[in-house]
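The lines below spell out each chain.
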Amino acid sequence: MEKTSTDWKEAFAGLPAMPAMSLRGGDAVDEYAPVPPYDPDADCPTGDYFERYFWELPHLDADSWRYYLPFLLEYALENIGNSESNAVDAFLFSLRPPDRDPPRFGALSLQQDQAVVAVLDRLAFVPESVWKEPAMTALEEYWGPGAIHR
């Protein structure tokens, strides 16, 4: 597991230090309120933050989605047996086609793409995973070999 974590740091190196749109900002958009600026304390990507703002993933632009991606990949693995996680459920749904315009999936480097596939494989195939069905669906639709929409 440590090797995978190191791979993610390498795969996602060079991303901006902050997203253009935070999940908290997405919540403001959802409420038709002014979007607050990114705040490193209020927008720290923790489990509580993801669970509070899980509905806001669709509001993120491609670069902001990529900013959160390594944190969400790690969070999904940390919650591999937690069927109560709304954040993991919403995250896995965000990995399903269609891709956006501008593209989210298409904006990933090969190394980032491989990190997503590695996590989806784990979520789909390890016995303790409660996320087998949504992870398998994402693999079949876009991320896996011979995917329907790739």
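J.: Just to check I follow, could you spell out the packing of helix α4 (residues 62-78) against helix α5 (residues 86-94) for this structure?
T.: Helix-helix packing is described using two parameters, namely the angle between the two axes and the distance between the axes. Direction vectors running N to C along α4 and α5 enclose 125 degrees, while the axes themselves pass 10 Å from each other. Comparing their axes, α5 and α4 come out oblique. Pair α4 / α5 crosses with left-handed handedness. Touching W65, L69, L72, L73, Y75 and A76 of α4 are A87, V88, F91 and S94, all from α5. When the residues that make up the contact of α4 with α5 are grouped by side-chain class, the tally is nine nonpolar, one polar and no charged.

J.: Could you clarify how one ought to interpret the side chain of E56 in this entry?
T.: Within the fold, E56 resides in the loop between α3 (47-52) and α4. The side chain of E56 sits in the buried core without any salt bridge; R52 is the nearest counter-charge, 8.2 Å away. Among residues more than four places away in sequence, those in contact with E56 are L23, G26, D27 and D30.

J.: How should the side chain of S64 be read in this particular structure?
T.: Its location among the elements puts S64 in helix α4. A residue is classified by how much of its surface remains accessible, and S64, at 0% relative accessible area, is buried. There is a polar contact of 3.1 Å between the side chain of S64 and the backbone nitrogen of A20. Among the polar contacts listed, one links the side chain of S64 to the backbone nitrogen of M21, at a separation of 2.9 Å.

J.: For this particular structure, what's the right way to read the confidence of the model for the protein chain?
T.: Detailed reading of the predicted coordinates is not advisable wherever pLDDT falls low. Looking at the protein chain, the pLDDT average stands at 92 and 95% of residues meet or exceed 70. Taken element by element, the predicted model of the protein chain shows its lowest mean pLDDT in helix α1 (residues 2-11) (60) and its highest in α3 (98).

J.: In this structure, what is going on with the nonpolar core? I would like to understand it.
T.: Soluble globular proteins: nonpolar side chains tend toward being buried together. By size, the foremost hydrophobic cluster in this structure holds 43 residues, and its most contacted members are L95, L120, L123 and W143. Contributing elements (two or more residues each) for this core: α3, α4, α5, α6 (110-125) and α7 (132-143). At nine residues, the largest contribution of residues to this core is made by α4. Not counting residues within four places of it along the chain, the set of residues in contact with L120 comprises L92, L95, A135, A138, L139 and W143.

Definitions and cut-offs
- Residues numbered from 1 in each chain as written.
- Predicted model: local features only at pLDDT ≥ 70, side-chain atom pairs only at ≥ 80, totals over all residues.
- Heavy atoms only, no water.
- Axes fitted to C-alpha atoms, helices over the stretch in contact; angles between N-to-C directions.
- Helix = DSSP H or I, 4+ residues; strand = E, 2+ residues; numbered from the N terminus.
- Parallel < 35°, antiparallel > 145°, perpendicular 65-115°, else oblique.
- Left-handed = near helix turned anticlockwise from the far one by under 90°.
- Contact = heavy atoms within 4.5 Å.
- Nonpolar A, V, L, I, M, F, W, Y, C, P; charged D, E, K, R; others polar.
- Buried < 20%, exposed > 50% of the residue type's maximum accessible area, 1.4 Å probe, protein only.
- Lys, Arg positive; Asp, Glu negative; His and termini not counted.
- Salt bridge = Lys/Arg side-chain N within 4 Å of Asp/Glu carboxyl O.
- Polar contact = N/O pair within 3.5 Å; in protein donor to acceptor, adjacent residues only side chain to side chain.
- pLDDT = per-residue confidence, 0-100.
- Core = buried A, V, L, I, M, F, W, Y, C linked by side-chain atoms within 4.5 Å.

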